[in-house]
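Residue-level structural notes
Given next are the chains, with one letter for each unit.
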Amino acid sequence: NKKKWNAVPMKPLVHIMGFLAPYPERMCSASVCRTWRTGANDGSFIRHVLPVEMGVLALDSDKMDQNHFRTISEALENALPGDTIELGDGHYWANEGLNIHVPLRFIGDENDPTHVVIELSGTVNFDGVKGWMEGITLRRPRIATDENQCESLRVLNGGSLNMVQCILDNEGRQGNVALLKNSSKGQWKGIEVRGGGQKGCGIAVEDKSHLNLVKCLIHNNQGDGVQIKNSSIVKLKDSKIKENIGIGLSLCNLSRCEISGSCFVANSSGETQKDDTSTIERFSN
């Protein structure tokens, strides 16, 4: 019988995959066949960060198991483009924020993002491509309440970040919860956005950026729910924008929003607002 690529046994295949860079080499090899995809995503390649509840901050980093880390920052220092960083149930401290410039996947609890909480003093800045975040809560420590306007999450400079089942909570800061700017992109599903301050909004999409929101909840922000500016596009599907102090959805400067199956409820300053250069298109499901 003629042997094919999928005839390579799994153990030597995983060993060979270990010599490849996660991105793009290992990621591309995963498209060869099902066996190679399994090998490329073997659990031995995942980088694990342990929660503070396990007392890891008191441990010597040299005594940690291979691919296990005490903090997210340590995992980032050792991560390669295309790596997966897994966070176990518990709390994590990011006192200086996080800066991510390469393709990385962050995986928490896909069933309940409240089980995996990053206590964030700064901002998660993402300007890499092919980013992924799943099952994670970003929030402010309760002692962090002040007049600082920093966002919880920024996607900048053409970066792309897709998210599933996450919570973004910026209560304790005065700015936006999330910002996409400078031709950045995202596809977010099942995302809850709350806690935007008086000087910001829930989600700001600016400067030719594109964002798709599916089954998302944007609520309880002191400013607008969603702001779309400067030739940006947002697609809003099966989502809810409610109980924001500002306007539910605001557009200006040649921007566009496509709305289907979504609702606006009890936004204090109105449901939608746009200038003469922007458009809102509504579609029935």
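From a predicted model like this one, the values you see are computed outputs, not experimental measurements.

1. So, the layout of surface pockets
Reported here for the largest pocket is a volume of approximately 500 Å³. Forming the walls of the largest pocket are 20 residues, and the residues nearest its centre are Met-27, Asn-41, Gly-82, Thr-84 and Arg-105. With three residues, the top contributor of residues to the lining of the largest pocket is helix α2 (residues 22–29). Residue classes in the lining of the largest pocket are distributed as nine nonpolar, five polar and six charged. Roughly 230 Å³ of volume is contained in the second largest pocket. As for the second largest pocket, its lining consists of Gly-18, Leu-20, Pro-22, Arg-26, Ser-44, Phe-45, Arg-47, Gln-66, Asn-67, Leu-80 and Asp-83. A class-by-class count of the residues in the lining of the second largest pocket yields four nonpolar, four polar and three charged.

2. A short note on the pattern of salt bridges
Throughout the structure, instances matching the rule amount to eight salt bridges. Between Glu-119 and Arg-139 there is a salt bridge whose closest N-O contact spans 2.7 Å. Placement of Glu-119 in strand β7 (residues 116–120) and of Arg-139 in strand β10 (residues 137–139) is noted, with a sequence separation of 20 residues between them. Across the salt bridge formed by Glu-192 and Arg-194, the nearest N and O atoms sit 2.6 Å from each other.

3. Observations regarding the nonpolar core
Of all hydrophobic cores here, the largest spans 50 residues; its most connected members are Leu-153, Leu-168 and Trp-188. Residues Leu-13, Met-17, Cys-33 and Phe-45 belong to the second largest nonpolar core, which totals eight residues.

4. Considerations on the state of the cysteines
Evaluated as defined, the whole model comprises zero disulfides. Left without a disulfide partner, Cys-33 is nearest to the cysteine sulfur of Cys-28, which lies 14 Å away. Its sulfur unpaired, Cys-166 is 10 Å from the next cysteine sulfur, which belongs to Cys-216. Cys-166 gets classed as buried once you look at its relative accessible area, which sits at 1%.

Rules used in this analysis
Residues numbered from 1 in each chain as written. Predicted model: local features only at pLDDT ≥ 70, side-chain atom pairs only at ≥ 80, totals over all residues. Heavy atoms only, no water. 1 Å grid on protein atoms, 1.4 Å probe; cavity = no way out; pocket = protein on both sides within 12 Å on 5 of 7 lines; lining within 4 Å. Points joined across faces, edges and corners; volume = space filled by probe spheres on them. Helix = DSSP H or I, 4+ residues; strand = E, 2+ residues; numbered from the N terminus. Nonpolar A, V, L, I, M, F, W, Y, C, P; charged D, E, K, R; others polar. Salt bridge = Lys/Arg side-chain N within 4 Å of Asp/Glu carboxyl O. Core = buried A, V, L, I, M, F, W, Y, C linked by side-chain atoms within 4.5 Å. Buried < 20%, exposed > 50% of the residue type's maximum accessible area, 1.4 Å probe, protein only. Disulfide = S-S within 2.5 Å.

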